[in-house]
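Structural overview for review
Residue-level listing of the chains:
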Amino acid sequence: LLIWVGAAVAGLLMLFSPSLLSHDIFVYAGYGRVMITYHANPYFVPPSAFPHEFTNPFNDWSHYTSAYGPVWLVICALSELFSGAHPLRYIIFFRVLGIAAHLVNILLVATILRKRGRSPRTVILGTQLYAWNPLALLESSQSGHIDIFMITFILLGILFAVRAEKRGFADLRNYVLPIVAFSLAALVKYTVAPLVVLFIITLAFYTLRPTGSTLPRLRESLTLRWKPALVTVLAASVISGIVVLIFYGPFFIGHSRH
């Protein structure tokens, strides 16, 4: 209870802070306005294409097209629907989103530690280390940065992977949720893409290793189980690709038609 109250109080104090550590909120707002107000595609049209756009003086990246994933651009579009042309509303929107994501992340960290069978002492300490981390609080409640929202999907992927490990890690029914969560994280910010690759490699490793036995020699393992491993890798790659197409499709199909 003390951990939750401390995180909530610190978050609310930063929510009403009159200062900004960066102008990234107006970068997000600029892309949201490009989509909703000007009906343009931020992957091809930068905010500076609209000279009278009020976010441009605060947007250090106004001359560049979006470097963020489509999942985050959907959030940017929602911010425009909520905020309109009011700068303060954008700040409130992304700060509240950051606080919410941070609180969800606290719950996910605690749940992951419990699912891993850690002691109550370790669960409490691990949860507190994240919940009261000054950088996490600043990035979420004060700056409203994309990274906290990205971490939510990473933690979801880890939680689903922990559950999959107990039920049969290389079973399609078990690894579909982790691969979807990690793919969504990469569609928030592209720097997470290597994590998707690493997870698929881990799937291949678990498929090559016979259940309930020690790890065989690499050559023997590849000879006996390379086909199931290949099928697993291909299935996980297809699932991740479908998630990417679902979110990227509207941006690029609409642009090609235009």
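One can find the structure itself at the top, above this paragraph.
Residues numbered from 1 in each chain as written. Predicted model: local features only at pLDDT ≥ 70, side-chain atom pairs only at ≥ 80, totals over all residues. Heavy atoms only, no water.

This next bit is on the overall build of the chain. A count of helices and strands for the chain gives ten helices and zero strands. Secondary structure elements of the chain, listed N to C terminal, follow the sequence α-α-α-α-α-α-α-α-α-α. Expressed as lengths along the three principal axes of its C-alpha atoms, the size of the chain is roughly 65 × 55 × 25 Å. Put simply, 69% of the contacts in the chain that link residues at least 6 apart link residues at least 24 apart. (Helix = DSSP H or I, 4+ residues; strand = E, 2+ residues; numbered from the N terminus. Contact = heavy atoms within 4.5 Å.)

Per the stated rule, a full pass over the model turns up 20 aromatic pairs. Between Tyr28 and Trp72, the aromatic rings sit 5.0 Å apart at their centres with planes inclined by 80°, giving edge-to-face as the arrangement. In this pair, Tyr28 sits in helix 2 (residues 24-36) while Trp72 sits in helix 3 (residues 70-83), placing the two residues 44 residues apart along the sequence. Accessibility assignment for this pair places Tyr28 and Trp72 in one class, buried. Taken together, a centroid distance of 5.9 Å and an interplanar angle of 85° make the contact between Phe205 and Tyr206 edge-to-face. The exposure class of Phe205 is partly exposed, given its relative accessible area of 38%. Looking at Tyr206, the relative accessible area reads 24%, which means it is partly exposed. Within the aromatic cluster, the residues linked to one another by ring pairs are Tyr28, Tyr31, Tyr68, Trp72, Phe82, Phe93, Phe94, Phe149 and Phe153. (Phe/Tyr/Trp six-rings, centres within 6.5 Å; stacked < 30°, edge-to-face > 60°. Buried < 20%, exposed > 50% of the residue type's maximum accessible area, 1.4 Å probe, protein only.)

With that settled, consider a positive patch on the surface. Together, Lys115, Arg163, Lys166 and Arg167 give the surface a local cluster of positive charge. If you tally residues by element for the positive patch, the top one is helix 7 (residues 146-167), at three residues. Judged by relative accessible area, which is 34%, Lys115 ranks as partly exposed. (Patch = residues over 30% accessible without salt bridge, like charges linked within 9 Å, V, L, I, M, F, W, Y side chains within 5 Å. Areas by Shrake-Rupley, 256 points an atom, 1.4 Å probe, with all protein chains shown as cover. Salt bridge = Lys/Arg side-chain N within 4 Å of Asp/Glu carboxyl O. Lys, Arg positive; Asp, Glu negative; His and termini not counted. Charge placed at Lys NZ, Arg CZ, Asp CG, Glu CD.)

Side chains that are three or four residues apart share a direction in an α-helix, a result of its 3.6 residues per turn. End to end, helix 1 (residues 2-15) covers 20 Å across 14 residues, agreeing with the expected 20 Å (1.5 Å per residue, within 8%). Turning to helix 1, its buried residues are Ile3, Ala7, Ala10, Gly11, Met14 and Leu15. Projected down its long axis, helix 1 shows its buried positions confined to an angular sector of 140°, all on one face. Of the exposed residues in helix 1, the ones pointing more than 90 degrees away from its buried face are Leu2 and Leu13. Against the buried residues of helix 1 lie helix 4 (87-115), helix 5 (120-131) and helix 6 (134-142). (Expected span 1.5 Å × (residues − 1). Arc of directions from axis to C-beta.)

Moving on to the packing of helix 7 against helix 8 (residues 172-188). At their nearest, the axes of helix 7 and helix 8 sit 8 Å apart, and the two run at 165° to each other. One way to sum up the angle between helix 7 and helix 8 is to call them roughly antiparallel. The hand of the helix 7/helix 8 crossing is left-handed. Of the residues in helix 8, those touching helix 7 at Ile146, Phe149, Met150, Phe153, Ile154, Leu156, Gly157, Ile158, Phe160, Ala161, Ala164 and Arg167 are Asn174, Leu177, Pro178, Ala181, Phe182, Leu184, Ala185 and Val188. When the residues that make up the contact of helix 7 with helix 8 are grouped by side-chain class, the tally is 17 nonpolar, two polar and one charged. (Axes fitted to C-alpha atoms, helices over the stretch in contact; angles between N-to-C directions. Parallel < 35°, antiparallel > 145°, perpendicular 65-115°, else oblique. Left-handed = near helix turned anticlockwise from the far one by under 90°. Nonpolar A, V, L, I, M, F, W, Y, C, P; charged D, E, K, R; others polar.)

Applying the stated criterion across every chain, the model contains five salt bridges. Residues Glu53 and Arg33 are paired through a salt bridge, measuring 2.7 Å at the closest nitrogen-oxygen approach. With Glu53 in the loop between helix 2 and helix 3 and Arg33 in helix 2, this residue pair connects regions lying 20 residues apart in the sequence. Taking relative accessible area as the criterion, Glu53 reaches 3% and is therefore assigned buried. Note that Arg33 and Glu80 form a salt bridge whose closest N and O atoms lie 3.5 Å from each other. Of this pair, Arg33 sits in helix 2 while Glu80 sits in helix 3, placing them 47 residues apart in sequence.

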